[in-house]
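Okay, here's what each chain looks like letter by letter:
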Amino acid sequence: QARGDRLVSRQPFNLPESGPIVGLPGTLRPVKGHHFLFKAIPSILERVPDCLFAVTGAIDSQFARDIVKQIQEGPLAGRVLFTGRINDMVPFYHACDVCCVPSLSESFGRAAIECFATRTPVVVTSVGGLKEIVRDGSNGLLVQYGDEMALADAIVSLLTDSQRANGLVEQAVLEAKERYTESVYFERIATVIDEALALSKSHSEKS
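Residues numbered from 1 in each chain as written. Predicted model: local features only at pLDDT ≥ 70, side-chain atom pairs only at ≥ 80, totals over all residues. Heavy atoms only, no water.

### Structural notes on the sheet that holds strand S2 (residues 52-56)
Hydrogen bonding along the main chain pairs the strands of a sheet, whether they run parallel or antiparallel.
No. 1: Within the open sheet, the six strands sit side by side as S3-S2-S1-S4-S5-S6. Their pairing is parallel. On the outer flanks of this sheet lie strand S3 (80-84) and strand S6 (141-143), each paired with one strand and no other. Strand after strand, the sheet turns through a mean of 25° between neighbouring axes, direction not considered.
No. 2: Sheet topology places strand S4 (residues 98-101) next to strand S5 (residues 122-125); three bridges connect them, and they run parallel. Following the sheet pairing, Val101 is matched in S5 by Val124.
No. 3: The sheet strands contacting helix H7 (residues 148-160) are strand S1 (21-24), S4, S5 and S6, and the helix crosses S6 at an angle near 165°. (Pairing = 2+ DSSP bridges. Helix = DSSP H or I, 4+ residues; strand = E, 2+ residues; numbered from the N terminus. Axes fitted to C-alpha atoms, helices over the stretch in contact; angles between N-to-C directions. Contact = heavy atoms within 4.5 Å.)

Below, the structure is given as structure tokens:
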């Protein structure tokens, strides 16, 4: 999918028209690693002073309310913006220059695939399903959870090196089409079912 107009994409979320934006898609839960990214932000701002950070997710839990209060009353006030729940994530991805998925753990990693499909450069932690989806330096960037400087360096590299970011995006788009479309998904399910039926038939014939 082609990138939507940056200005138009930012308007529904009240994001500024100019300046780089790093997005953190997902829900506001401890496992999503928000504090990991927040600790890396000062180092990012040293090198990209006009950068802002947009965080999605409903503010409907004590953790969510606490994290919003912490940001609004701390040194990152005005730098980290909370969008609330978003039903259609595509415009959000198009509004961002880079997305970060800094999870402590992740069973699958859908947000990374959504970044692939929307042509959004992505930095993720090397955990769970994310490390199976993102190949460092090929279709995105991987960092170890807790390594704040590595996370900052990865994000800054994509914000400041458009050639590198575009190269990762082009590979990511190819893989999204080859591995994560609806038709490919159903083909994989059909293959698994066929293999299970064949195995069951083989066992029945032997017994």
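Right, picking up where we left off after that structure.
### A word on the pattern of salt bridges
No. 1: Within the structure shown, the criterion is met by nine salt bridges.
No. 2: Between Lys32 and Glu106 there is a salt bridge whose closest N-O contact spans 2.9 Å. Residue Lys32 is located in the loop between S1 and helix H2 (34-47), and its partner Glu106 is located in the loop between S4 and helix H5 (110-117); the two are separated by 74 residues in the primary sequence. By the burial criterion, Lys32 is buried, and Glu106 matches it. (Salt bridge = Lys/Arg side-chain N within 4 Å of Asp/Glu carboxyl O. Buried < 20%, exposed > 50% of the residue type's maximum accessible area, 1.4 Å probe, protein only.)

### Section: unusual backbone geometry
No. 1: Phi is positive for Asn14, which is not a glycine, with a value near 55°.
No. 2: Structurally, Asn14 is set in the loop between helix H1 (6-10) and S1.
No. 3: Since its relative accessible area comes to 69%, Asn14 is described here as exposed.
No. 4: Unlike most non-glycine residues, Arg119 shows phi in positive territory, near 60°.
No. 5: Mapped onto the elements, Arg119 comes out in the loop between H5 and S5.

### Looking at the confidence of the model for the protein
No. 1: Summary statistics for the protein give a mean pLDDT of 90 and a share of 86% for residues scoring 70 or more.
No. 2: Confidence over residues 182-195 falls short of pLDDT 50; this stretch has four contacts with residues more than four positions distant or in other chains. (pLDDT = per-residue confidence, 0-100.)

### Description of the packing of aromatic side chains
No. 1: Counted under the stated rule, the structure contains three aromatic pairs.
No. 2: On the numbers, 4.9 Å between centres and 55° between planes, the contact of Phe36 with Tyr145 is tilted. Here Phe36 is found in helix H2, whereas its partner Tyr145 is found in the loop between S6 and H7, with 109 residues between them in sequence.
No. 3: Of the residues examined, Tyr145 reaches a relative accessible area of 35% and is grouped as partly exposed.
No. 4: Geometrically, the ring pair formed by Phe92 and Tyr93 is edge-to-face, given 6.1 Å between the ring centres and 65° between the ring planes.
No. 5: A relative accessible area of 0% places Phe92 in the buried class.
No. 6: Grouping aromatic residues by their ring pairs yields a cluster made of Phe13, Phe92 and Tyr93. (Phe/Tyr/Trp six-rings, centres within 6.5 Å; stacked < 30°, edge-to-face > 60°.)

### A look at the packing of H7 against helix H8 (residues 162-179)
No. 1: Relative to each other, H7 and H8 sit at 100°, their axes nearing to 5 Å. Looking at the two axes, H7 sits roughly perpendicular to H8. When H7 is examined against H8, the residues Ser157, Leu158 and Thr160 are found in contact with a partner set consisting of Ser162, Arg164, Ala165 and Leu168. (Parallel < 35°, antiparallel > 145°, perpendicular 65-115°, else oblique.)

### Details of H2
Every α-helix winds through 3.6 residues per turn, so residues three or four apart in the chain are directed the same way.
No. 1: When the terminal C-alpha atoms of H2 are compared, their 21 Å separation across 14 residues agrees well with the 20 Å that a helix rising 1.5 Å per residue should span.
No. 2: At Ile41, H2 shows its maximal bend, which comes to roughly 35°, and the proline Pro42 appears one to four places after that position.
No. 3: What H2 keeps buried is the set His34, Phe36, Leu37, Phe38, Ala40, Ile41, Ser43, Ile44 and Leu45. (Expected span 1.5 Å × (residues − 1). Bend = angle between axes of the 7 residues up to and from the residue.)

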